[in-house]
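Architecture and fold: a report
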Amino acid sequence: MENNLTWEQFMAVDLRVGTIIEASAFPEARKPAYKLKVDLGELGIKKSSAQITHRYTKEELVGQQVICVTNFPPKQIGPWLSEVLVTGFEDEEGFIVLSQPQAPVPNGKRLI
């Protein structure tokens, strides 16, 4: 079965780069996670939650650029309203490795 996607379908997913400006503990989350604030340039500062505590410390996350899905509807996660999805890949142990640009790019730039 072919599972091809059109350019229009791909472009419907708004993937943008942003810089993590704040990372804090999220003790209310069911699984270990951080609360993140991501600067997405023209889109503003958006909130997210990410289950990345095994691989990253809060301190090392600040200043990291990440790729986010910006056009999902907001999702309530306990007391935190997540506005964007920070993307990543599962490693061989099932822990998330953040997807990041190889070089710095302006916040808010779209993945194409």
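Looking at an unreviewed UniProt entry, the chain carries the name tRNA-binding protein, with the source organism given as Rufibacter glacialis.

**Let's talk about the environment of G88**
Secondary-structure assignment places G88 in strand β8 (residues 88-90). Since its relative accessible area comes to 34%, G88 is described here as partly exposed. It is 8.7 Å that separates the C-alpha atoms of G88 and V66, two residues lying 22 residues apart in sequence. Excluding residues within four positions of it along the chain, G88 makes contact with I96, V97, L98 and S99.

**Concerning the pattern of salt bridges**
With the rule as written, the count across this model stands at 4 salt bridges. Across the pair D14 and R110 runs a salt bridge, and its minimum N-O distance is 3.3 Å. Residue D14 is found in the loop between α1 (7-12) and β1 (15-25), and its partner R110 is found in the segment after β9 (96-98); the two are separated by 96 residues along the sequence. Judged by relative accessible area, which is 13%, D14 ranks as buried. Overall, the relative accessible area of 29% leaves R110 in the partly exposed class.

**Digging into the UniProt feature "domain: TRNA-binding" (unreviewed entry) in the chain**
In the numbering adopted here, UniProt assigns the feature "domain: TRNA-binding" (unreviewed entry) to residues 9-112. For residues 9-112, helix accounts for 8% and strand for 40%, while the C-alpha atoms at its two ends are 12 Å apart.

**Brief notes about the environment of V97**
If you trace the backbone, V97 turns up in strand β9. Once you skip the residues sitting within four places of it in the chain, V97 turns out to touch R55, Y56, G88, F89 and D91.

**A short note on the packing of aromatic side chains**
Taken as a whole, this structure holds 1 aromatic pair when the rule is applied. Judged by centre distance (5.4 Å) and plane angle (45°), the ring pair of W7 and F10 falls under tilted. Of this pair, W7 and F10 both sit in helix α1, separated by 3 residues, roughly a single helical turn. Overall, the relative accessible area of 24% leaves F10 in the partly exposed class.

**Brief notes about the layout of surface pockets**
In this structure, the largest pocket spans a volume of roughly 600 Å³. Lining the largest pocket are 24 residues; nearest its centre among them are S49, Q51, K75, I77 and L85. Secondary-structure elements contributing two or more residues to the lining of the largest pocket are β3 (45-50), β5 (75-77), β7 (85-86) and β9. Tallied by class, residues from the lining of the largest pocket come to 12 nonpolar, 7 polar and 5 charged. Its boundaries defined by the atoms lining it, the second largest pocket holds a volume of some 170 Å³. Surrounding the second largest pocket, K31, P32, Q51, I52, T53, H54, R55, E90, G94, F95 and I96 form its lining. Among the residues forming the lining of the second largest pocket, the class breakdown is 4 nonpolar, 4 polar and 3 charged.

Definitions and limits used
- Counting from 1, residues in each chain are numbered in the order their sequence is written.
- Per-residue local features are limited, in this predicted model, to residues with pLDDT of at least 70; the limit for side-chain atom pairs, both in listing and counting, is 80 or more; totals at the level of whole chains, interfaces and linings are taken over all residues.
- Note that the side-chain values use all heavy atoms of the structure and ignore hydrogens as well as water.
- A helix here means a DSSP run of H or I that spans at least four residues, while a strand means a run of E at least two residues long, and both kinds are numbered starting from the N terminus.
- Exposed residues in this analysis have more than 50% of their type's maximum accessible area, buried residues have under 20%, and partly exposed residues fall in between, with area computed by a 1.4 Å probe over protein chains only.
- We call two residues in contact when some of their heavy atoms are within 4.5 Å.
- We define a salt bridge as a side-chain nitrogen of Lys or Arg found within 4 Å of a carboxyl oxygen belonging to Asp or Glu.
- UniProt positions are given in the numbering used here, feature names are shortened, and annotations may be inferred rather than shown by experiment.
- Two aromatic rings from Phe, Tyr or Trp, using only the six-membered ring of Trp, form a pair when their centres are within 6.5 Å; if the ring planes differ by under 30 degrees the pair is stacked, by over 60 it is edge-to-face, and anything between is tilted.
- Cavity means a closed set of points on a 1 Å grid over the protein atoms alone, one where a 1.4 Å probe fits but cannot get out, pocket means an open set with protein on both sides within 12 Å along at least 5 of 7 lines, and lining means a residue has an atom within 4 Å of a point.
- Grid points are joined across faces, edges and corners, and a volume is the space filled by probe spheres set on the points.
- Under the scheme applied, nonpolar residues are Ala, Val, Leu, Ile, Met, Phe, Trp, Tyr, Cys and Pro; charged residues are Asp, Glu, Lys and Arg; polar residues are all the others, including Gly.

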